[in-house]
Amino acid sequence: MFDRRQFVAGLAGTTILAAPTVARAQAANWDLSTVWPDGNFHTINAKKFADEVKAATGGAVNITVKAGGQLGFKGPEHLRAVRDGLVPIADVLNIQQIGDEPILGAEGIPFLVGSVDELRIYHKHIRPVFERVVQNNNQKNLYIVPWPTQYLHLKVKADTLAGLAGQKVRCPDRGAQDMVNALGLTGVVIPWGETIPALASGAVQGVSTSAVSGVDGKFWEFLKYIYPTNHVWSCQMVNVNMDAWNKLPANHRASIETVAKKLEPEFWATSVKADTDSLARLKQGGMEVVDIPAPMMADMRRRTANMVQDYIKRVPAAKGPIEAYLAEVKRS
């Protein structure tokens, strides 16, 4: 005989049991891959982002930052790793992805951008291109933060490029390598994780990077001089795999985008401060900032002057954004 009360009670019990299953299905636990160590400001930024995402989603989206390359991915592999779903989210250095997407090297053109203010102008024109490229690689960009100004960290001191000729210098990407070679030094592309062993073994006698990375690598143990060339720029892009992203409820996606938009300006300010603090730490470690003579700097710019047009020829998609940026900088 059908017992209505027993049926309703059983149905209610089933519903109660099923509810946690639905909640678990909507939750997300993501490992965020980065090659930078825990003390690096990009890693600190990522951890703050993760904390605020967790709060904004009521604990439904948990991001665990895996620093120092814990997940086994090198910097140049991150775009592909996110694209293929090998990791749901990563901190991607744009200039290291040019083997897959040459346009992501557009910030690495020597002496194109002279300051953070100019970089903001450049991003008005180049960032939409970056975001489309990222989207075409099955991922979504959440926020972008620049590295500070770049330096040449070397063992020798000279007041002409001739005095630096032949020095082997670690470069993060081909663009920096081309520039270093144009200056008469020898550029060697090496991922960050292999840089310190290369310095320790004498395979390279210098590094093209920021002061922040100089502190990460304790360059004072290997190098003596810092040349404030401000030759190229680059950015870290925190990207999430689209398949992982689309599994989230719309309200959680909106909350994450709101957090990213709120934090990005703060993270840019952190970048500027990180440069000042890191340069002071390098000097405290015993390194000397070289006052580059005007003729030497002019020689650097002269030797690399053709690299803007060379880049545009190789990557025609960069022509519009670069020309729009140059026109706006000229007016400002």
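No experiment lies behind these values; they were computed from the predicted model shown.

Cut-off values and rules
- Residues numbered from 1 in each chain as written.
- Predicted model: local features only at pLDDT ≥ 70, side-chain atom pairs only at ≥ 80, totals over all residues.
- Heavy atoms only, no water.
- Pairing = 2+ DSSP bridges.
- Helix = DSSP H or I, 4+ residues; strand = E, 2+ residues; numbered from the N terminus.
- Axes fitted to C-alpha atoms, helices over the stretch in contact; angles between N-to-C directions.
- Contact = heavy atoms within 4.5 Å.
- Buried < 20%, exposed > 50% of the residue type's maximum accessible area, 1.4 Å probe, protein only.

Undergrad: Please explain the sheet that holds strand E4 (residues 139-146) as it appears in this structure.
TA: Each strand in a sheet pairs with its neighbour through backbone hydrogen bonds, running either in the same direction (parallel) or in the opposite one (antiparallel). Pairing in this open sheet of five strands is mixed, and the strands run E2-E1-E3-E10-E4 from one edge to the other. Both outer strands of the open sheet, strand E2 (61-66) and E4, are each paired with one neighbouring strand and no more. For this sheet, the mean inter-axis angle between neighbouring strands, taken without regard to orientation, is 25°. Of the pairings in the sheet, the one linking E4 to strand E10 (residues 235-241) comprises seven bridges and is antiparallel in character. Across the sheet, the residue bridging to Ile 144 is Met 237, located in E10. Against the sheet, helix H2 (residues 41-56) contacts strand E1 (28-33), E2, strand E3 (89-93), E4 and E10, and its axis sits at roughly 165° relative to E2. The sheet contacts of helix H4 (residues 116-136) involve E4 and E10, and relative to E4 the element is tilted by about 155°.

Undergrad: Quick question: what am I supposed to make of the sheet that holds strand E8 (residues 206-210) here?
TA: Taken together, the six strands give an open sheet; going across it, the order is E7-E6-E8-E5-E9-E11, and neighbouring strands pair in mixed fashion. At either margin of the open sheet sits one strand with a lone partner, and together these are strand E7 (186-189) and strand E11 (288-289). In this structure, strand E6 (residues 168-171) lies alongside E8, joined through two bridges in parallel fashion. Counted as the bridge partner of Arg 170 is Val 207 from E8. Strands in contact with helix H9 (residues 250-284) are strand E5 (150-154), strand E9 (225-227) and E11; relative to E5, the strand with the most contacts, it is inclined by about 10°.

Undergrad: So what exactly am I meant to see when it comes to the environment of Val 113 here?
TA: Within the secondary structure, Val 113 is located in the loop between E3 and H4. According to the relative accessible area criterion, Val 113 is buried, its value standing at 2%. Between the C-alpha atoms of Val 113 and Leu 263, which are 150 residues apart in sequence, the distance is 24 Å. With residues up to four places along the chain from it excluded, the contact list for Val 113 reads Glu 118, Leu 119, Tyr 122, Asn 230, Trp 233 and Tyr 325.

Distances and angles like these do not, on their own, reveal function.
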